[in-house]
Amino acid sequence: MLMRRAGSGAVPPARPRWRIRPAAWAMTARCITAFLGNYAFAATATSLTARLLPIARVEATVWAMILSFLLYAIVGLWCFAEASLARVAAIVWGGALLMGAAVWLIGVRP
Amino acid sequence: MIRALRQSMAWIHGWLGLVAGWLLFAMFATGTASYFRPEITRWMQPEIAANRTAPADAAAAAVRHLQRVGADDVQWFIALPDERTAVTRVFEQPKPAAEGAPRPRRPRAEELVLDPATGDPVAARDTRGGEHFYRFHFQLQLPYPWGRWLAGVCAMFMLGAIISGVVTHKRIFADFFTLRWNKGQRSWLDAHNVSAVLALPYHAVITYTGLVTLVVMYMPWPIVANYPQPARFAQEAYGLAADVEPTGRPAPLVAIAPLVRDAERRLGGAAGRLVVSHPNDAAATVTVTRGNGASVAARGVSATYSGTTGRLLSASAPPGAAITTANVLLGLHMAQFAGPALRWTLFVLGLSGVAMVGTGLLLWTAARRRPGATPFFGLRLVERLNIATIAGLPLGMAAFLLANRLLPAGMPGRADAEVAAMFWTWGAAALLQCARAPRLAWRDLFALGAVAFAAIPIVDALATPRLAAGDPLFLAFDSAMAAMAVALAFAGRRAARIPAAPVRRSARKVAHA
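Everything numeric here is computed off the predicted structure, so don't read it as measured data.

### Overview of the overall build of chain A
Looking only at helices and strands, one finds 4 helices and 0 strands in chain A. Listing the helices and strands of chain A from first to last along the sequence gives α-α-α-α. Intrachain contacts of chain A at a sequence separation of at least 6 include 72% that bridge at least 24 residues.

So this is what it looks like as structure tokens:
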């Protein structure tokens, strides 16, 4: 589906080889972002949530952990629903970096 | 917008399902069998009669035995029998080797299987029993931690496939009532939709709760952000008492049975597990945990007693909302609370999961086959893997159960040999089917599976007296095996038929794969 969108418009039956490759690279990047980048995103998002929720730390930790899979699934699917790969990469990798930095700066709950 | 979303979700649904489908099929099949884990174990050890001993008496008998064989152990872990489990299982944690002596790589807990009434080790054939399917279900016979991670990735793909499948689906309610037989690809799509939609809440819950069972492994980072010492998390979350150091002063252990009875009164349910720390030391403690049959929430509550005076030291506080939620999710997955009727219902729902994954895999090939055209490599590969998994796995599972009856009871290493029988049979079936045309390969493997499952009750009746004696467990188990044989024979008959004419509508419109 995304391959077709990347090719845009009427697709000639035999596309030249060089036009397929960027789309394949883009799809690889998208998959890696959805699989690994998304894990970093979910890990940092849930860590930050667990650290900041103003409830007992064991409760905050467990809520964040059990909701992490829902976040991972939805963000992972969004990675394929969103047309712009640049936006996908920026939000997933950038978000992971920002939230990871925030967790690191705030430090472990005393 | 909605259309584009649906298209992208259909695309990802097809790929998620294809990549993880074969392992998910195996996970669903062995997981569904695991609803009857203790029953499978009991069937595989026909020498052991059903348990009639109360947990407190079984605990006392086990401790009597442990006092003889491991009085100076660091810890005894005792899993008590109940209506479903016929034996007491005991793990000893022996004292570490003295300083200076060559250290063994972490003392490994040896499991002992004891008779609940006498406390003596039981004499029964060596087998993994239902534990084998259960372990395979989430470890996939791979070394730790790779099997668990792979199972987790598959479960995550499943969750993604469920959500994207629901988004893709335009007529979710109409499909409730739609099943068109013998229409080729259209029938596979209908079958996939019916099996998926009918049991959708079950599939969603079982997938999510499956992920939650190993959440501490898959997503430990919130713990790292909140706990300088992650071990503290386990203590707070599971209500464990902090470890105490042994004093080195010997002191006799109190009588266990009254402690267990007291704990059962306090905890409001039969005792399931018992941990004795530093037995025969002045600092000994006895922790009694309620069995999982008493409530939906897994990880029952516990009470800890002094091992020398029998005084109650602490009882687990009622857990908070998040812990309770996690325990309920865990309990829903393990279903140890379920009585026979609910257990069979869950078993049937599990089979609907097997059907959903299987029909989804078949749909992938049906949607891409063109009449008259030579199938491309990917299509042939997927088809062979489908045959190997859908028709081959049942054959392997039957071989595991048959090996249990056919291997000599006293054979050394027979537990491993049973497991080997399953994988060698499965592997051989997966390879040999490539020599046949796909349609014949489907038929042959299903037929072999039907014969193997039909053989199980016959071999059981010849090898052990339990079926002839009318033991209800053996009657139910062997009837289920006969039903499997009928189902596989039916599948084989269908597979042997010439496929129906291709449908008129273009493949792209029909298949959302």
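### Regarding the overall build of chain B
Scanning chain B from N- to C-terminus turns up 18 helices and 7 strands. Here chain B has a C-alpha radius of gyration of 26 Å; the compact-globule value for 513 residues is 24 Å, and the two agree. Taking the principal axes of the C-alpha coordinates as reference, chain B spans close to 85 × 60 × 50 Å. In chain B, which comprises 513 residues, the share counted as buried stands at 45%. In chain B, once contacts between residues fewer than 6 apart in sequence are set aside, the share between residues at least 24 apart is 71%.

### Some remarks on the domain arrangement of chain B
Domain parsing of chain B yields domain 1 (2–46 + 130–208 + 338–510) and domain 2 (55–123 + 240–318). Using C-alpha coordinates to define each centre, domain 1 of chain B is positioned 39 Å away from domain 2 of chain B.

### Quick look at the interface of chain B and chain A
Counting residues at the interface gives 33 residues for chain B and 29 residues for chain A. Sorting the residues of the side of chain B that touches chain A by element identifies α1 (2–33), α5 (146–168), α7 (200–213), α9 (221–226), α10 (230–238) and α12 (321–334) of chain B as the ones contributing at least two each. Considering only residue class, the side of chain B that touches chain A consists of 25 nonpolar, 7 polar and 1 charged.

### Some thoughts on helix α4 (residues 85–106) of chain A
All names here are of chain A. With 22 residues, α4 extends 31 Å between its outermost C-alpha atoms, agreeing within 8% with the 32 Å of an ideal straight helix rising 1.5 Å per residue. Considered for burial, the residues of α4 that qualify are Val 88, Val 92, Ala 96, Met 99 and Val 103. Gly 107 sits one or two residues past α4 and shows a positive phi near 85 degrees.

### Some thoughts on the packing of helix α3 (residues 57–81) of chain A against α5 of chain B
As a packed pair, α3 of chain A and α5 of chain B sit with axes 10 Å apart at the nearest point and diverge in direction by 60 degrees. On the basis of the axis angle, α3 of chain A is oblique to α5 of chain B. The handedness of the crossing between α3 of chain A and α5 of chain B is right-handed. For the pair α3 of chain A and α5 of chain B, contact is made by Phe 69, Tyr 72, Ala 73, Gly 76 and Leu 77 of chain A and by Met 156, Leu 159, Gly 160, Ile 163 and Ser 164 of chain B, respectively. For the contact of α3 of chain A with α5 of chain B, the per-class residue count stands at 7 nonpolar, 3 polar and no charged.

### With respect to the packing of α3 of chain A against α10 of chain B
The description of two packed helices rests on the angle between their axes and on the distance between the axes. Their axes nearest at 10 Å, the elements α3 of chain A and α10 of chain B cross at an angle of 95 degrees. When the interaxial angle is binned, α3 of chain A and α10 of chain B end up roughly perpendicular. Contacts between α3 of chain A and α10 of chain B involve Val 58, Thr 61 and Val 62 of chain A on the former and, on the latter, Phe 233, Glu 236 and Ala 237 of chain B. For the contact of α3 of chain A with α10 of chain B, the per-class residue count stands at 4 nonpolar, 1 polar and 1 charged.

### Observations regarding the confidence of the model for chain B
The share of residues in chain B with pLDDT of 70 or more is 91%, and the mean pLDDT across the chain is 88. Here residues 501–513 of chain B scores under 50 on pLDDT; set against residues more than four positions off or in separate chains, the count is 25 contacts.

### Overview of the nonpolar core
Within the largest apolar cluster, 128 residues are counted, with the highest numbers of intra-cluster contacts made by Phe 25 and Leu 159 of chain B. Per element, the largest residue contribution to this core is 14 residues, and it comes from α3 of chain A. Among residues more than four places away in sequence, those in contact with Phe 25 of chain B are Val 354, Val 357, Gly 358, Leu 361, Thr 389 and Ile 390 of chain B. Judged by nonpolar contacts, the second largest core, of 30 residues, contains Trp 76, Val 276, Val 286 and Val 288 of chain B.

### With respect to the pairing of strand β7 (residues 312–315) of chain B
All names here are of chain B. As judged from the 3 bridges shared by strand β6 (residues 302–306) and β7, these two strands associate in the antiparallel manner. Along β7, the bridge assignment pairs Thr 304 with Ser 314. The hairpin turn running from β6 into β7, its antiparallel successor, is 5 residues long, and Gly 310 in that turn takes a positive phi close to 80 degrees.

### What to know about the confidence of the model for chain A
Per-chain confidence: chain A averages 86 in pLDDT, with 82% of residues scoring 70 or above. pLDDT under 50 marks residues 1–11 of chain A. Its contacts with residues more than four places away, or in other chains, come to 12 contacts.

### Focus: unusual backbone geometry
Residues and elements named next belong to chain B. Tyr 144 connects to Pro 145 through a cis peptide bond whose omega is 0 degrees. You can see Pro 145 is positioned in the loop between α4 (130–139) and α5. With a phi angle near 55 degrees, Leu 140 is a residue other than glycine that sits in the positive phi range. With respect to the helices and strands, the residue Leu 140 is situated in the loop between α4 and α5. C-beta crowding within 10 Å serves as the criterion here: with 18 such atoms nearby, Leu 140 is assigned to the partly exposed category. Here the phi dihedral of Gln 141 falls at roughly 60 degrees; this positive angle occurs in a residue that is not glycine. Position of Gln 141 among the secondary structure elements: in the loop between α4 and α5.

What counts, and where the lines are drawn
Residues numbered from 1 in each chain as written. Chains lettered and ligands numbered in written order. Predicted model: local features only at pLDDT ≥ 70, side-chain atom pairs only at ≥ 80, totals over all residues. Helix = DSSP H or I, 4+ residues; strand = E, 2+ residues; numbered from the N terminus. Contact = placed C-beta atoms within 7 Å. Rg over C-alpha atoms; globule rule 2.2 N^0.38 Å. Buried ≥ 20, exposed ≤ 12 C-beta atoms within 10 Å, placed from the backbone. Domains from an automatic or database assignment. Nonpolar A, V, L, I, M, F, W, Y, C, P; charged D, E, K, R; others polar. Expected span 1.5 Å × (residues − 1). Axes fitted to C-alpha atoms, helices over the stretch in contact; angles between N-to-C directions. Parallel < 35°, antiparallel > 145°, perpendicular 65-115°, else oblique. Left-handed = near helix turned anticlockwise from the far one by under 90°. pLDDT = per-residue confidence, 0-100. Core = buried A, V, L, I, M, F, W, Y, C linked by C-beta atoms within 7 Å. Pairing = 2+ DSSP bridges.

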